[in-house]
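Coordinates in review
Spelled out, the chains give:
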Amino acid sequence: MHLQEFVSGSERFVRHYAYDDVHVIAADLGTLGSEATVDVAGDTVIVVPSDDHDQFEIEVPGAARAFIRNGILTIEVEVDA
């Protein structure tokens, strides 16, 4: 799933910021983010909103770090120099 697919048809937002060495993607999970967990496995970010929702996976193009704070999913993807 791409982040745009995740937010389409909803009031959620996604922002992309490009810096020299990292790209940052921020997505508002809304009410799903209050108890969500996130993990990175290879080039996939796995988000599990809660026990009663299915997880979703987001493919990323390289080494990434992901975390959720205040309902906002943040994914940082390293850029090859």
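The structure this text deals with has already been given above.
Attention here is on the structure that accompanies the text. Throughout this document, residue positions are counted from 1 along each chain, in the order its sequence is written. This being a predicted model, a pLDDT of at least 70 is required before a residue's local features are given, and a value of 80 or more before pairs of side-chain atoms are given or counted; all residues contribute to the totals for chains, interfaces and linings. Calculation of side-chain values draws on the structure's entire complement of heavy atoms; hydrogens and water are dropped beforehand.

Glancing now at the overall build of the protein. Counting its regular elements, the protein contains one helix and seven strands. Secondary structure elements follow DSSP: runs of H or I no shorter than four residues count as helices, runs of E no shorter than two count as strands, and numbering proceeds from the N terminus. For the protein, the sequential pattern of α-helices and β-strands runs α-β-β-β-β-β-β-β. Considering the protein as a whole, with its 81 residues, one finds that 36% of them fall into the buried category. A 1.4 Å probe and the Shrake-Rupley method give the accessible areas. Residues count as covered only by the protein chains that appear here. Carbon together with sulfur atoms contributes 46% to the accessible area of the protein, which is approximately 5,300 Å² in total. Burial here depends on accessible area, computed with a 1.4 Å probe over protein chains only, as a share of the maximum for the residue type. Under 20% is buried, over 50% is exposed, and the range in between is partly exposed.

Turning our attention to the sheet that holds strand S7 (residues 72–78). Two strands are said to pair when DSSP picks up at least two bridges between them. Taken in spatial order, the four strands line up as S1-S2-S7-S6 in an open sheet, and their pairing is antiparallel. Only two strands of the sheet have a single partner each, and these edge strands are strand S1 (14–18) and strand S6 (64–69). Ignoring strand direction, the axes of neighbouring strands in this sheet form an average angle of 15°. As defined by bridge partners, S1 adjoins strand S2 (residues 22–28) across five bridges and the pair is classed as antiparallel. What sits directly across from Val-14, in S2, is Ala-27. The axes are straight lines fitted to the C-alpha atoms, using for helices just the contacting stretch, and the angles between their N-to-C directions are given from 0 to 180°.

This brings us to the pairing of strand S5 (residues 56–59). On S5, burial follows the alternation: Phe-56 and Ile-58 on one face are buried, whereas Glu-57 and Glu-59 on the facing-out side are not. Pairing of strand S4 (residues 44–48) with S5 involves four bridges; the strand directions are antiparallel. Note on S5: the bridge partner recorded for Thr-44 is Glu-59.

Working definition: the strands of a sheet are paired by backbone hydrogen bonds and lie parallel or antiparallel to each other. Pairing in this open sheet of three strands is antiparallel, and the strands run S3-S4-S5 from one edge to the other. Lying at the two open borders of the sheet, with one neighbouring strand each, are strand S3 (37–41) and S5. Between one strand and the next, the sheet's axes are offset by a mean angle of 20°, whatever the strand orientation.

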